[in-house]
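For reference, the chains in residue letters:
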Amino acid sequence: MTPGPAFLGYARADGRVGIRNHVLVVPTVICAAVVAERVAAAIAPVGAALPHLAGCGQIGPDLTVTHDTLAAYARHPNVGAVIVVALGCEQVVAQQIADAARQAGRPAHIVSIQAEGGTLRATARGIEIARELAASMDRIERSWCPASSLVLSVKCGGSDYTSGLASNPAVGRLADTLVDLGGAVVLGEIAEIMGAEHLLAARASTPAAGAQLLRVVSRVEAEAMALGVDIRGTQPSPGNIRGGLTTIEEKSLGATHKAGERARLEDVVGYAAPITKRGLTVMDTPGLDVESVTGMVGGGAQIVVFTTGLGTPTGNPIAPVIKVTGNARTAQTMADNIDVDVSGILTAGEPFDAAGRRLFSEVLEVASGRPTAAERLGHREFAIHRRNPTI
Amino acid sequence: MIAAIVVNAGDNVATALESIEAGQTVDAGAVRLTSVDAIPRGHKIALCDIAAGAVVVKYGSPIGTASSPIAAGAHVHTHNVASTRGRGDLQAVRRSPDVNPQGMR
């Protein structure tokens, strides 16, 4: 047993620690998505597919992001083995995805729909491989791993007034605790830092990290402004506004509480790029929940803590997503989606630190294998952020 | 008495924890005031008079500027607060005053 807080995880050959042991079924291109989903479904719940809309008709940075995101999932610590389902004529190279997995010490196989001779043969071949891999996954055992090996993604969606006043500060306590122990935290959604960037930049450990944060926020603001419209209506969303949030500044100031109060900003990385520093990293993701979570998990986050005021079901194919609400009504009306209710902060005077400790316990239990609401409900949303048109 | 939360001592708005009717006495931490509007649960109430163009402050930071004069006790929301960020409709980048604390770009 490791001294200090620990959980039962999967110690991987590449030195990283997983908290799930999925057989990942990766379609290289949208054309292979249905076969990939059928292969993964045959070995549910250990099978996880990554259906996506890209993989062909892409040029430049978009193709790179698609490829790199799929490769990042193929070597993710929550993945024990990989099947790549190719069509055969697409841009994304199946061999490179498989190689990414093998370099990380995971078995990887390729099934090509054109080479196998159609949907039925490719599906049958994929399922045959998947069953063998699933059986081999059963032989990999969990062992005690320190909390410092966790990379925690913090996220909010469907925010209302309770997010900034209760759930986000509670998650911030969790983030500070994990960073104090030597763990890593990643915050995305650059648009939802707009108006609060001065607070995060002031916590940068180096001038370069602070400058990079301000540059990325300025770029996203300029991109939004180039469209010639008021960002209000999208940021905050109509639901946010009904929930009491007036401006993006207000939303951002509440949202950035998730990243803690004292954890130093160590790094700013691109979409789905590897998170290499302990402490706080900001990732350049859009505010759309599924694209944001997809990117942060791609960067190496094994677990996501996701606050919501209005309630939202989002999950991920390979990383458990813990839903936290500070809204007592949402805790009741969307009880099947909510893992942790921290509404007592507003209604019963629960201290932020106490709520943070409850969240830390929840993280360790989920990391040790307990399914989240999103996992039980089969929420496996996955979407790769795209910046360029389909050609 | 109905409660509203003040997050930071420098704030000029508080958040209503329950729906407030016009004319109710509101306990907002160090301040006690009378609401002049109905304020839905989770929405904000002005703690003092806020002049048109003045900064609206929550969490100790600017969340926008008053687009019309706001009286103490009034509902503070999209009808009387303008964002200063992402305003492509105005075609000019504006920044929060303290957005660049280390002089970096």
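Thresholds, definitions, all that
Residues numbered from 1 in each chain as written. Chains lettered and ligands numbered in written order. Predicted model: local features only at pLDDT ≥ 70, side-chain atom pairs only at ≥ 80, totals over all residues. Helix = DSSP H or I, 4+ residues; strand = E, 2+ residues; numbered from the N terminus. Buried ≥ 20, exposed ≤ 12 C-beta atoms within 10 Å, placed from the backbone. Contact = placed C-beta atoms within 7 Å. Rg over C-alpha atoms; globule rule 2.2 N^0.38 Å. Core = buried A, V, L, I, M, F, W, Y, C linked by C-beta atoms within 7 Å. Domains from an automatic or database assignment. Pairing = 2+ DSSP bridges. Nonpolar A, V, L, I, M, F, W, Y, C, P; charged D, E, K, R; others polar. Expected span 1.5 Å × (residues − 1). pLDDT = per-residue confidence, 0-100. Axes fitted to C-alpha atoms, helices over the stretch in contact; angles between N-to-C directions.

## As for the overall build of chain B
Then comes step 1: If you tally the helices and strands in chain B, you get zero helices and nine strands.
Then comes step 2: Ordering the α and β elements of chain B from the N terminus gives β-β-β-β-β-β-β-β-β.
Then comes step 3: Per-residue burial over chain B gives 39% buried out of 105 residues.
Then comes step 4: Here the contacts in chain B between residues at least 6 apart in sequence split such that 45% fall between residues at least 24 apart.

## Notes on the overall build of chain A
Then comes step 1: Each helix and strand in chain A was counted, giving 15 helices and 14 strands.
Then comes step 2: Relative to the 2.2 N^0.38 estimate, which gives 21 Å for 391 residues, the radius of gyration of chain A is 20 Å and therefore close to what a compact globule would have.
Then comes step 3: Within the span of chain A, comprising 391 residues, buried residues form 62% of the whole.
Then comes step 4: A separation threshold of at least 6 residues defines the contact pool for chain A, and within that pool the share at least 24 residues apart is 73%.

## Some points on the nonpolar core
Then comes step 1: Core analysis: the biggest nonpolar cluster contains 151 residues, and A:Val25, A:Val26, A:Ala74, A:Val85, A:Leu152 and A:Val185 have the highest contact counts within it.
Then comes step 2: Counting residues domain by domain, this core receives three or more from each of domain 1 (22-137) and domain 2 (146-376) of chain A.

## Some details on the sheet that holds strand 2 (residues 17-18) of chain A
All names here are of chain A.
Then comes step 1: If you trace the three strands from one edge of the open sheet to the other, you get 2-1-7, paired in antiparallel fashion. Because the sheet does not close on itself, it has two edges, and the strands there are strand 2 and strand 7 (143-146).
Then comes step 2: As paired strands, strand 1 (residues 6-11) and strand 2 are joined by two bridges and run antiparallel to one another. Residue pairing for strand 2: Ala 11 is matched across the bridge by Val 17.

## Details of the pairing of strand 4 (residues 31-34) of chain B
All names here are of chain B.
Then comes step 1: The pairing of strand 3 (residues 25-28) with strand 4 spans four bridges and is antiparallel. Pairing of Thr 25 across the sheet is with Thr 34, part of strand 4.
Then comes step 2: In sequence, strand 3 turns back onto strand 4 through a hairpin of two residues, with Gly 29 there showing a positive phi of about 65 degrees.

## Brief notes about the interface of chain A and chain B
Then comes step 1: At the junction of the two partners, chain A supplies 35 residues and chain B supplies 32 residues.
Then comes step 2: Secondary-structure elements contributing two or more residues to the side of chain A that touches chain B are helix 6 (161-180), helix 7 (197-201), helix 8 (207-225) and helix 10 (248-255) of chain A.
Then comes step 3: Ranked by residue count, the leading element in the side of chain A that touches chain B is helix 8 of chain A, at seven residues.
Then comes step 4: Among the residues making up the side of chain A that touches chain B, the classes are represented as 19 nonpolar, nine polar and seven charged.

## Some details on the domain arrangement of chain A
In many reports, interface size means the accessible area that the parts give up when they come together.
All names here are of chain A.
Then comes step 1: On domain assignment, one finds that chain A holds domain 1 (22-137) and domain 2 (146-376).
Then comes step 2: One C-alpha centre belongs to domain 1, the other to domain 2, and the line joining them spans 29 Å.
Then comes step 3: In this complex, domain 1 contributes 14 residues to the contact, which on the side of domain 2 involves seven residues.
Then comes step 4: Examining the composition of the side of domain 1 that touches domain 2, we find that five residues originate from one element, helix 2 (residues 61-74), more than from any other.
Then comes step 5: Among the residues forming the side of domain 1 that touches domain 2, the class breakdown is nine nonpolar, four polar and one charged.

## A look at the environment of A:Thr177
Then comes step 1: With respect to the helices and strands, A:Thr177 occurs in helix 6.
Then comes step 2: Those residues in contact with A:Thr177 that lie beyond four places of it in its chain are A:Gly356 and A:Phe360.

## A short note on the environment of A:Val17
All names here are of chain A.
Then comes step 1: Mapped onto the fold, Val 17 is located in strand 2.
Then comes step 2: For Val 17, a count of 20 C-beta atoms within 10 Å corresponds to the buried category.
Then comes step 3: When the C-alpha positions of Val 17 and Ser 136 are compared, they lie 18 Å apart, and in sequence the two are 119 residues distant.
Then comes step 4: For Val 17, the contacting residues outside a window of four places in its chain are Gly 9, Tyr 10, Ala 11, Arg 12, Pro 77, Cys 145 and Ser 149.

## Let's talk about unusual backbone geometry
All names here are of chain A.
Then comes step 1: Put simply, Ala 44 and Pro 45 share a cis peptide bond, and its omega is 0 degrees.
Then comes step 2: A cis amide bond links Gln 235 to the next residue, Pro 236, at an omega of -5 degrees.
Then comes step 3: Among the secondary structure elements, Pro 236 is positioned in the loop between helix 8 and helix 9 (238-242).

## Section: helix 5 (residues 119-137) of chain A
Residues and elements named next belong to chain A.
Then comes step 1: With 19 residues, helix 5 ought to run about 27 Å at 1.5 Å a step, and its terminal C-alpha atoms sit 26 Å apart, in line with that.
Then comes step 2: Where helix 5 is concerned, the buried positions are Ala 122, Thr 123, Arg 125, Gly 126, Ile 127, Ala 130 and Leu 133.
Then comes step 3: At its buried positions, helix 5 is contacted by strand 3 (22-27), helix 1 (33-41), strand 4 (47-49), strand 5 (79-86), strand 6 (108-112) and helix 4 (113-116).

## Here's the deal with the confidence of the model for chain B
Residues and elements named next belong to chain B.
Then comes step 1: This prediction gives chain B a mean pLDDT of 88; 86% of its residues lie at or above 70.
Then comes step 2: Throughout residues 95-105 the model reports pLDDT below 50, and contacts reaching past four residues in sequence, or to other chains, amount to 22 contacts.
Then comes step 3: In the model output, the complex is listed with pTM 0.94 alongside ipTM 0.88.

## Re the sheet that holds strand 4 of chain A
Two strands in a sheet stick together by hydrogen bonds in their backbones, pointing the same way (parallel) or opposite ways (antiparallel).
Residue and element names in this part refer to chain A.
Then comes step 1: Spatially, 4-3-5-6 is the arrangement adopted by the four strands of the open sheet, whose pairing is parallel. Among the strands making up the open sheet, the edge pair consists of strand 4 and strand 6. Direction aside, neighbouring strands of the sheet carry axes that sit 20 degrees apart on average.
Then comes step 2: By the bridge criterion, three bridges tie strand 3 to strand 4 in an arrangement that is parallel. In the strand pairing of strand 4, Leu 24 is matched with Ala 48.
Then comes step 3: Contacting strand 3, strand 5 and strand 6, helix 3 (residues 94-103) crosses the sheet at an angle of about 165 degrees to strand 6.

## Focus: the environment of A:Val29
Residues and elements named next belong to chain A.
Then comes step 1: Turning to its location among the elements, Val 29 is positioned in the loop between strand 3 and helix 1.
Then comes step 2: Under the C-beta neighbour-count criterion, Val 29 is labelled buried, with 26 such atoms within 10 Å.
Then comes step 3: Ignoring sequence-local partners within four residues, the contact set of Val 29 consists of Gly 55, Cys 56, Leu 87, Glu 90 and Val 92.

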